[in-house]
Structure formats: structure tokens, C-alpha cells
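# Examination of the molecular architecture
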Amino acid sequence: MSDAHTALTLAVQGGRHAEAEALVVRWEQGAVREHGAGSAEALHWGEVRADIAMLAGDAGRSCEAWMAVAAARLSAGQSPDDPAVEAAVDRAHHQWGRIGDPARARELGPTLAGLRERVPGRREGALHHVQERLRRLRGGLQTQP
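This section reports on the structure supplied with the text. Keep in mind the model is a prediction, meaning the values are calculated, not measured. (Residues numbered from 1 in each chain as written. Predicted model: local features only at pLDDT ≥ 70, side-chain atom pairs only at ≥ 80, totals over all residues. Heavy atoms only, no water.)

What follows deals with the overall build of the protein chain. Helix and strand counts for the protein chain come out as seven helices and zero strands. Order of helices (α) and strands (β) in the protein chain, N terminus to C terminus: α-α-α-α-α-α-α. Computed over its C-alpha atoms, the radius of gyration of the protein chain comes to 16 Å, within 12% of the 15 Å expected for a compact globule of 145 residues. By its C-alpha atoms, the protein chain is 45 × 35 × 20 Å across when sized along the principal axes. Here the protein chain, with 145 residues, has 39% of them falling under the buried criterion. (Helix = DSSP H or I, 4+ residues; strand = E, 2+ residues; numbered from the N terminus. Rg over C-alpha atoms; globule rule 2.2 N^0.38 Å. Buried < 20%, exposed > 50% of the residue type's maximum accessible area, 1.4 Å probe, protein only.)

If you want it as C-alpha cells, here you go:
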């Protein structure tokens, strides 16, 4: 394991998620400057950032990070049916379903729906699920993830 990953692992294991996220953001920004937003290095750190947010219990931040990874992959020319693109959208969708704050879910839902239109994934009805949950959230009804 690299020194960077060791530092992150120790921070997460110690419950220091904010410290871990700050490290990852710094490394991700450096990778974007050095290699570009669609580079393997930058995408790796974006995925790590999404996982750290998930481990910290922040489904909204994790969802946002996974959506950013998916958008960067698409912008870099990866196909919507590329397994890495599908996985990023699927993970964003999963995290979105775990957001307990209806306002936050409403905020992120349209972006996720836009990604689902481009990247339907292999799960039948994924776009419909997002659209239906958004309709319910906009109507003030709570929905099950």
C-alpha cells in the first residue's frame, strides 16, 4: 500500500474522516493539475473521496463525488456503457437512496436523473426509480430508498 493510502487508512480507522477527506482532496487536485480531470490518477482519488464520504456516513457527499467521477469519465470520452462509468452512476444512485434529508435528496436528484438518462445501467427501471422518488420528494412525501 502506498504512503498516501496508508495515511488515509489510518485516518479513517481512527474516525478522522475530515482529515482523510482533506488529504484526498489535496491529492485529487494535484492529480487534476498534473494529469487532467479525466486521468486515471484523478479518477482514482475521486473514487477514494466518494468512499471516504460513505465511510463517514455522509451519503450526500458520497453521491456527489460518485456523480463527479461519472461525469469526468464521460467528459473524458468513456462510453456510457463502460463498466467503470456504470459503476460510478450505480454507486451514486445507491448513495442517493441512502440520503435521509429530503431537501438534500431533492437537490441531488435532478443531476442523478440526468446521469441515469445517459447511463441507464444494467438494472431495469433505474431511471424510473430516480424519477419516481423525485416526484415523491417534490410532493413532500418520504420514500423508501
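Structurally, Glu86 can be placed in helix 5 (residues 83–97). Reaching out from Glu86, the side chain makes a polar contact with the side chain of Arg122 at a distance of 3.2 Å. Residues contacting Glu86, with those up to four places away along its chain left out, are Pro80, Asp81, Val119, Gly121 and Arg122. (Polar contact = N/O pair within 3.5 Å; in protein donor to acceptor, adjacent residues only side chain to side chain. Contact = heavy atoms within 4.5 Å.)

Between two packed helices, both the angle of their axes relative to each other and the distance between the axes serve to describe the pair. Viewed as axis vectors pointing N to C, helix 5 and helix 6 (residues 102–118) meet at an angle of 155°, and their least axial separation amounts to 11 Å. Put simply, helix 5 runs roughly antiparallel to helix 6. In terms of crossing hand, the pair formed by helix 5 and helix 6 is left-handed. Listed contacts from helix 6 to Val89, Asp90, Ala92, His93 and Trp96 of helix 5 are Ala105, Leu108, Gly109, Leu112, Leu115 and Arg116. Residues that form the contact of helix 5 with helix 6 fall into these classes: seven nonpolar, two polar and two charged. (Axes fitted to C-alpha atoms, helices over the stretch in contact; angles between N-to-C directions. Parallel < 35°, antiparallel > 145°, perpendicular 65-115°, else oblique. Left-handed = near helix turned anticlockwise from the far one by under 90°. Nonpolar A, V, L, I, M, F, W, Y, C, P; charged D, E, K, R; others polar.)

Quick look at the packing of aromatic side chains now. Centre distance and the angle of the planes are the two values used to describe a pair of aromatic rings. All chains considered together, the criterion is met by one aromatic pair. Centre to centre, the rings of Trp27 and Trp45 are 5.2 Å apart; their planes meet at 45°, and the pair counts as tilted. Here Trp27, found in helix 2 (residues 17–35), pairs with Trp45, found in helix 3 (residues 40–55); they are 18 residues apart in sequence, far enough to count as distant. Look at Trp45 and you get buried, because its relative accessible area is 11%. (Phe/Tyr/Trp six-rings, centres within 6.5 Å; stacked < 30°, edge-to-face > 60°.)

Formed by 26 residues in total, the largest nonpolar core has its most connected members in Cys63, Met67, Trp96, Ile99 and Leu112. At the level of secondary structure, the elements contributing two or more residues to this core comprise helix 3, helix 4 (59–75), helix 5, helix 6 and helix 7 (126–138). With nine residues, the top contributor of residues to this core is helix 4. Discounting residues that sit within four places of it in the chain, Ile99 has contacts with Ala59, Gly60, Cys63, Arg104, Ala105, Leu108 and Arg133. Formed by 12 residues, the second largest nonpolar core is a distinct cluster that contains Ala11, Val24, Ala42 and Trp45. (Core = buried A, V, L, I, M, F, W, Y, C linked by side-chain atoms within 4.5 Å.)

Geometric values such as these leave the question of function open.
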